[in-house]
Amino acid sequence: MTTGTDGHGRAGAARGFPLAAARGLALALVSLPGAVVCFVTAVVSIGLIPVGVGIVTTPYVLKGVRAFADLRRVLAAEWGGVRIPRAYRPLPKDANPWGRTFGMLGDPATWRDLLWLLVDMTAGFVTALLTAALLLYPLEGLAVAAGLWRVLPDPWWYGFVPVSGQATALGAGALALALLAAGHVTAVRVLRAHFLLARAVLAPGGSELAERVRVLTETRRDAVDSSAAELRRIERDLHDGAQARLVAVGLDLGTIEALVEKDPAQARELLARARQSSAEALTELRELVRGIHPPVLAERGLGDAVRALALRLPVTTEVNVSLPGRADAPVESAAYFAVSEVLTNAVKHSGADRIWVDVHHAEGRLRITVTDNGRGGAVAGAGSGLAGVERRLGTFDGVLAVSSPAGGPTLVTVELPCALS
């Protein structure tokens, strides 16, 4: 996957200019209609709250707004190297429509999203379109100089040059070259300015420290709850699985000891059953250990562990890993189980026939993207498997971003701050 614009050296800048222009055009085509639809729908839904309809519709509309903002967060990181923190307050799992609606409306991040929609349909649209215009407008001037002026109205203004003949057409071509040179220098910066503008609105403001303390408090509580639940699961699995089988093996061995001289045939049958029970107990113990911390993860690292996950999937999966070292074991474990849950969801619910996984480390952050070509519609809200992934990542100050429009594709991005050894 593309991880940023290559701006090193002349060759990198030459590639970065048309790439930035193409990305700017794509953003302009999405910013205006997407922001207008999301903003109008949100305002109408909130306005219908007093008559009761908005109580039902507002949570779904605001989830759509958050998904649109999350897509811009992903693109900001991938295309501009700009990280926009995601600071939504979690909702109770058992919240009713009233609680979900006013819980989301009471979240400052919701109002930042709505303000960003206004900015995105105006200044955001202009900056994105300007990035594309820095390449497209000079191409028009070069076409005019090459002879297009002959079929245009007389005079045809290109910038401040009135084109009425070949001489003035060459002047337009000279202006186009100057604009092209300016775009070569500024296009990548203008695209980055688009994402910096989004971050200025979407990122938490003066209350960021208090928000940070609140998030850390909640993630610590989630970590404690998750650890307690995991311990209860391990205890239950041991009690109901391996422990019960080992007790049965012990009883069989006691019976075999009494029968070995009186009834050797029955003793041999019991020996075979005990051997089978011990093998099944060993298999269950291995599965339990793999669920706690997979041996391949401990021995060979995150890259090979993700490859091993992909090999077990019934869907064609491509894995691209670029890790110059290893992260701390807790971070690797969190990343591994996040990828495992995302892949499981993709296989079960997306209807995809192809999945792509990209794992790399840049700027002090481990970033994993999982893309599938399924039907879309994935959400990270309460009640979904992705909500648990988000809580687990929050313990490590990590983030989860989901872009999954109806009809697909689905793009899930996991980021964890960490250093590699």
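The name an unreviewed UniProt entry gives the protein chain is Signal transduction histidine kinase, with Streptomyces albogriseolus as the organism.

On to the overall build of the protein chain. The helix and strand tally for the protein chain stands at 11 helices and seven strands. The proportion of buried residues among the 421 residues of the protein chain is 41%. In the protein chain, of all internal contacts separated by at least 6 residues, the share reaching a separation of at least 24 is 69%. Looking at the protein chain as shown, the accessible area adds up to about 21,600 Å², and 64% of this sits on carbon and sulfur atoms.

Our next topic: the pairing of strand E3 (residues 316-322). As paired elements, E3 and strand E4 (residues 354-362) share seven bridges and run parallel to each other. Counterpart to Thr317 in the pairing with E4 is Ile355. As for the winding sense of the linkage, the β-α-β connection from E3 through helix H10 (residues 329-350) to E4 is left-handed.

Mapping Val61 onto the fold places it in helix H2 (residues 53-80). Residues Val61 and Val43 lie 18 residues apart in sequence; the distance between their C-alpha atoms is 9.6 Å.

Note on placement: Arg73 falls in helix H2. For Arg73, a relative accessible area of 7% gives the class buried. A distance of 2.8 Å separates the side chain of Arg73 from the side chain of Asp70, its partner in a polar contact. For Arg73, the side chain forms a polar contact with the side chain of Tyr88, separated by 3.2 Å. With residues up to four places along the chain from it excluded, the contact list for Arg73 reads Arg66, Ile84, Pro85, Arg86, Tyr88, Asp113 and Leu202.

The five strands are arranged E3-E4-E5-E7-E6 in an open sheet whose pairing can be described as mixed. The sheet terminates laterally at E3 and strand E6 (399-403), the two strands that pair on one side only. Pairs of neighbouring strands in the sheet enclose a mean axial angle of 10 degrees, with direction left out of account. Where H2 meets the sheet, its contacts fall on strand E5 (365-372), E6 and strand E7 (410-417), and the angle it forms with E6 comes to roughly 110 degrees. Strand contacts of helix H9 (residues 302-311): E3, E4 and E5, with the helix running at about 175 degrees to E3, the strand carrying the most contacts.

The terminal C-alpha atoms of H2 lie 39 Å apart, and with 28 residues this matches the ideal 40 Å at 1.5 Å per residue to within 8%. Bending of H2 peaks at approximately 25 degrees at the position of Pro59. Of all 28 residues that make up H2, 20 are buried, and the element is covered over most of its length. Of the residues trailing H2, Gly81 is marked for its positive phi of about 65 degrees.

Before going further, it helps to examine helix H5 (residues 166-202). Along its 37 residues, H5 runs 50 Å from first to last C-alpha, staying within 8% of the 54 Å computed at 1.5 Å per residue. Of all the bends in H5, the greatest, near 50 degrees, is centred on Thr186.

Another aspect to go through is the nonpolar core. Leu27, Phe68, Ile84, Trp116, Leu117 and Phe195 are the most contacted members of the largest nonpolar core, which totals 34 residues. Listing elements by their share of this core, those giving two or more residues are helix H1 (9-47), H2, helix H4 (108-145) and H5. Here the element with the most residues in this core is H4; it accounts for nine residues. Apart from residues no more than four positions distant in its own chain, Leu27 is found in contact with Arg72, Leu75, Trp79, Ala128, Leu191, His194 and Phe195. In terms of nonpolar packing, the next biggest core, distinct from the first, is built from 31 residues, Leu302, Val306, Val315 and Val331 among them.

Calculation rules
- Within each chain, residue numbers correspond to sequence positions counted from 1 in written order.
- Local features are withheld for residues below a pLDDT of 70 in this predicted model, meaning they are given only at 70 or higher, and side-chain atom pairs are given and counted only at 80 or more; totals for whole chains, interfaces and linings count all residues.
- Working from all heavy atoms in the structure, the side-chain values ignore hydrogens and water.
- The helix and strand labels rest on DSSP assignments: H or I over at least four residues marks a helix, E over at least two residues marks a strand, and numbering proceeds from the N terminus.
- Each residue is assigned to one of three classes by its accessible area relative to the maximum for its type, calculated with a 1.4 Å probe on protein chains only: buried under 20%, partly exposed between the two thresholds, exposed over 50%.
- Should any heavy atoms of two residues lie within 4.5 Å, those residues are counted as being in contact.
- In short, Shrake-Rupley with a 1.4 Å probe defines the accessible areas, and a residue's cover is counted only from the protein chains shown.
- Whether two strands pair comes down to DSSP finding at least two bridges between them.
- Handedness of a crossover is defined as follows: orient the strands so they point away from the viewer, and if the path from the first strand over the helix to the second runs clockwise, the crossover is right-handed.
- Polar contacts, as used here, are pairs of N or O atoms within 3.5 Å; protein pairs need one atom able to donate a hydrogen and one able to accept it. Residues neighboring in sequence count only if both atoms are side-chain atoms.
- As a rule, the C-alpha atoms of each element are fitted with a line to give its axis, helices using only the stretch in contact, and angles between N-to-C directions run from 0 to 180 degrees.
- One fewer than the residue count of a helix, multiplied by 1.5 Å, yields its expected span.
- Working definition for bend: take the seven residues up to and ending at a residue and the seven starting at it, fit an axis to each, and measure the angle between the axes.
- Take the buried residues of types Ala, Val, Leu, Ile, Met, Phe, Trp, Tyr and Cys, join any two whose side-chain atoms come within 4.5 Å, and each joined set is a nonpolar core.

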